[in-house]
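Chain by chain, the residues run as shown.
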Amino acid sequence: LALLVACLQNRKLSLNDKLKIMGVGISDPNIITMIIIFMLAGIFVGVVGRTSANSVAYFILSLIPPQFAVVVLFVVSCFVSMGTSVGTITLITPIGIAVSRASGFDLPLCIATVMGGAMFGDNLSFISDTTIAACNGQGCKMTDKFKENFFIALPAAIVSLVIIYNLSVKNYS
């Protein structure tokens, strides 16, 4: 759809010129890296499968006290998202829904927990598509971005965990 919109814009250029411009943009190493990461994330979700969400949810709930289910959901989302937050959200959201159903936690709390954990983990990842594109685009080292994000994202994650824990304890009791 984006390529179609790009072809419809700027009527002064011929279609061949537009295709040449798009070809140059698409061949950029940052774009190719992001495409590979998105493809690998899609493969990961395809291999693991979404149908196992209920089994994973019940397994999580069997291992931990129920009042910690949402906190564990956040931590799992953090670690799984070390590459792509979108892939993590598509993979873990069905598990969050199943945790909500199985444990009685509010569905918006479980979904927000998955999204927050995925965003936090993605911000601290060296292999994230956004990290690679941002660093290559700005000409900075990935370690510098990681250090800066650590001081931004860690306090937010701690506050989120405290809020999630308090809401889950309140919701569970």
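What comes next concerns the included structure. It should be emphasised that the depicted structure is a prediction, and the values quoted were computed from it without experimental measurement. (Residues numbered from 1 in each chain as written. Predicted model: local features only at pLDDT ≥ 70, side-chain atom pairs only at ≥ 80, totals over all residues. Heavy atoms only, no water.)

Remarks on helix H7 (residues 107-123)
Then comes step 1: Here H7 is 17 residues long and its end C-alpha atoms lie 24 Å apart, about the 24 Å a rise of 1.5 Å per residue gives.
Then comes step 2: When we look at burial in H7, the residues that qualify are Leu 109, Cys 110, Thr 113, Val 114, Gly 117, Ala 118, Phe 120, Gly 121 and Asp 122. (Helix = DSSP H or I, 4+ residues; strand = E, 2+ residues; numbered from the N terminus. Expected span 1.5 Å × (residues − 1). Buried < 20%, exposed > 50% of the residue type's maximum accessible area, 1.4 Å probe, protein only.)

Considering the nonpolar core
If you look at soluble globular proteins, the nonpolar side chains tend to sit buried side by side.
Then comes step 1: Among the nonpolar cores identified, the biggest contains 21 residues, and Leu 73 and Phe 120 are the most heavily contacted of them.
Then comes step 2: Breaking this core down by element, the ones donating at least two residues are helix H5 (69-80), helix H6 (85-103), H7 and helix H9 (142-172).
Then comes step 3: Here this core takes six residues from H5, the largest share from any one element.
Then comes step 4: Other than its neighbours up to four places away in sequence, Leu 73 contacts Ile 92, Ile 95, Gly 96, Val 99, Cys 110, Thr 113 and Val 114. (Core = buried A, V, L, I, M, F, W, Y, C linked by side-chain atoms within 4.5 Å. Contact = heavy atoms within 4.5 Å.)

Some remarks on the packing of aromatic side chains
Then comes step 1: For the coordinates displayed, the defined rule picks out one aromatic pair.
Then comes step 2: Between Phe 74 and Phe 120, the ring centres sit 6.4 Å apart and the planes meet at 20°, which makes this aromatic pair stacked. Placement of the pair is Phe 74 in helix H5 and Phe 120 in helix H7, with a sequence separation of 46 residues. Taken as a pair, Phe 74 and Phe 120 share a single burial class, namely buried. (Phe/Tyr/Trp six-rings, centres within 6.5 Å; stacked < 30°, edge-to-face > 60°.)

Section: unusual backbone geometry
Then comes step 1: Despite not being glycine, Asn 10 shows a phi value in the positive range, around 50°.
Then comes step 2: Tracing the chain through its elements places Asn 10 in the loop between helix H1 (2-8) and helix H2 (15-26).

Re H6
Then comes step 1: Of all bends in H6, the biggest is about 35°, found at Ile 92, and the proline Pro 94 comes one to four residues later.
Then comes step 2: At the C-terminal side of H6, Gly 104 shows a positive phi close to 90°. (Bend = angle between axes of the 7 residues up to and from the residue.)

Structural notes on the side chain of Ser 77
Then comes step 1: The residue Ser 77 is located in helix H5 in this model.
Then comes step 2: Sequence-distant contacts of Ser 77, that is, excluding residues within four places in its chain, are made with Thr 88, Ile 92, Val 114, Gly 117 and Ala 118.

Structural measurements only, silent on function.
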